[in-house]
Structures are given as C-alpha cells and as structure tokens.
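Here are the chains, one letter per residue:
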Amino acid sequence: MNNNDILENTVSARGQLRDSEFVKFTLKDDAKVKVLFVGNSITRHGIKEEIGWTRDCGMAASALQNDYVHLTVAGLEKKYGAVSYCIAQAVAWEYAYNRDEEVLAQFSAARDFDADIVILRIGENSDRELLEKEVYQPHFETMANFFFTPRAKKIVTSLFWRYDPIDVPIYQAAQKYGWIYVPIWELGEKAENKALDEFWHDGVAKHPNDNGMRGIADALLAAI
C-alpha cells in the first residue's frame, strides 16, 4: 500500500539547507539527556521563499516550537529535565544513498555527539530510480549503524507518506537489529495532519502541519 503524496511531493531534496548547516547542536549546561534527530525536510528545512516556505524548522509546522523535534524535546524535558539535542538533516544521504561512506562522512560530528537517544525519521526523498538498481535495505542499515552508537536507545520510524519499496526495508532492518520501530504512516493518510490549506505550494502543503507534527512527537515519546 502506497500513499500517492510521496510521488507528488515536489519539494526538491536538494538545496534544503546550506552544507554548513546539515548538523546543528542545541546544548544546555545542565542537560540530563542527549538526543540526536536524523531526518529530512520534516525534521528541518531552511527558508526557501520561492516555494512559499519562510521558516527554518520542520516543514510545515507553524513555528519552530511546533515541529516534531521541538515537541519531542519539550516532552522529554518534562520528564528528565534539560535536554541537549542535535539535528542531522541528512537529505543528502537520501538522494545518494548508494554512496554511503562518502555522504555519511559529513555527519561525523552528529555521530560523535554520542547521544543517549537516536531517532531516525528519514526516507521519503530516497531516489526511486535508484531503487530499481540498488537494494535499499543494506544502505539503510549502513546509514543507521553509522549514527547508532552502541549505548544509544535506537528508534526508527516509518515514512510519513507510506511507500512500501522504502517502508518495508526500513521495517525489516529494524526487526533484524532489534531497533524500536515506530509506525507513523497512518498520520500521513489523514488530511487533518497535513498543511493542505496553509500553503500555495502543493509539495509544502502535503507536509505535516502542527497536528501531524504533534502526532509524530507523541508516537516517539510513547516509544521512548
């Protein structure tokens, strides 16, 4: 079963951030927990006015504090106190996932953050033409094991827009390694979880709105 939104997502996988911004840290002196978020535009997309996107946060949240990363951090801080976190915007891996070592090298600072919790919420932009030539699962495993340090709680989500050629290998990799698997694709099936009436650009509008972002965060917090 596939969600056509993934095929109609016209937000380019390229140029979402400048290279120097792919890894971003928010550090707090009294942090009790460190979290690493690895993702794509749903995790963080820089300002791109030509598509009507004027924020630097998870697309299409209404504000930074309403994207799933910051909602998840806020939920964790209620329980554990201060949280330091890192965002690795790894869309570069999605469109070149067959060049594992070359692409992942630019994210070494995120891996070396040595987070207590690592959340992989990624995959929607994976090159579909490449899927016809390359088996996806081994490359996903290589990427995941690059970010997953031995001591970390390891969490993987499904895609927001279900697409079995990518979703099935992600699920199978999680089962193989015993990673915590969090299905969120049902959120992407419902119009109430997308910013359909908030943006003129169809690709932006298909991304999760505040309600969708809250759904993702709630699912992650329940898993953690």
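For clarity, every value in this text was computed on a predicted model and none was experimentally measured. (Residues numbered from 1 in each chain as written. Predicted model: local features only at pLDDT ≥ 70, side-chain atom pairs only at ≥ 80, totals over all residues. Heavy atoms only, no water.)

1. Here's the deal with the side chain of Glu141
Thought 1: Within the secondary structure layout, Glu141 lies in helix 6 (residues 136-147).
Thought 2: For Glu141, a relative accessible area of 8% translates into the label buried.
Thought 3: In terms of polar contacts, Glu141 uses its side chain to reach the side chain of Lys176, at 3.1 Å.
Thought 4: Ignoring anything within four residues of it in the chain, the contact list for Glu141 reads Ala173, Lys176, Tyr177 and Trp179. (Helix = DSSP H or I, 4+ residues; strand = E, 2+ residues; numbered from the N terminus. Buried < 20%, exposed > 50% of the residue type's maximum accessible area, 1.4 Å probe, protein only. Polar contact = N/O pair within 3.5 Å; in protein donor to acceptor, adjacent residues only side chain to side chain. Contact = heavy atoms within 4.5 Å.)

2. Quick notes on the pairing of strand 2 (residues 33-39)
Thought 1: Most of strand 2 sits inside the fold, with 6 of its 7 residues counted as buried.
Thought 2: Sheet analysis places strand 2 next to strand 3 (residues 83-89), joined by 7 bridges and oriented parallel. Looking across to strand 3, one finds that Leu36 is bridged to Cys86.
Thought 3: You can see the chain leave strand 2, run along helix 1 (residues 68-80) and come back into strand 3, and the turn it takes is right-handed.
Thought 4: Bridge count between strand 2 and strand 4 (residues 117-121): 5 bridges; the pairing is parallel. Within strand 4, the position partnered with Val38 by the bridge is Leu120. (Pairing = 2+ DSSP bridges. Right-handed = clockwise from strand over helix to strand, strands pointing away.)

3. Quick word on the packing of helix 1 against helix 9 (residues 210-223)
Thought 1: Contact geometry for helix 1 and helix 9: axes closest at 8 Å, N-to-C directions at 40°. In terms of their interaxial angle, helix 1 and helix 9 are classed as oblique. As helix 1 packs across helix 9, the resulting crossing turns out to be right-handed. From helix 1, Tyr68, Leu71, Thr72, Gly75 and Leu76 reach across to helix 9, where they touch Met213, Arg214, Ile216, Ala217, Leu220 and Leu221.
Thought 2: Residue composition of the contact of helix 1 with helix 9, by class: 8 nonpolar, 2 polar and 1 charged. (Axes fitted to C-alpha atoms, helices over the stretch in contact; angles between N-to-C directions. Parallel < 35°, antiparallel > 145°, perpendicular 65-115°, else oblique. Left-handed = near helix turned anticlockwise from the far one by under 90°. Nonpolar A, V, L, I, M, F, W, Y, C, P; charged D, E, K, R; others polar.)

4. Regarding the environment of Asn125
Thought 1: Inspection of the secondary structure assignment puts Asn125 in the loop between strand 4 and helix 5 (128-131).
Thought 2: A C-alpha to C-alpha distance of 17 Å links Asn125 and Tyr171, two positions 46 residues apart in sequence.
Thought 3: In this view, Asn125 contacts Asn9, Val11, Ala13, Gln16, Asn40, Val91, Glu94 and Tyr95; residues no more than four positions away in its chain are not counted.
Thought 4: Of note is the side chain of Asn125, whose polar atom sits 2.8 Å from the side chain of Glu94.

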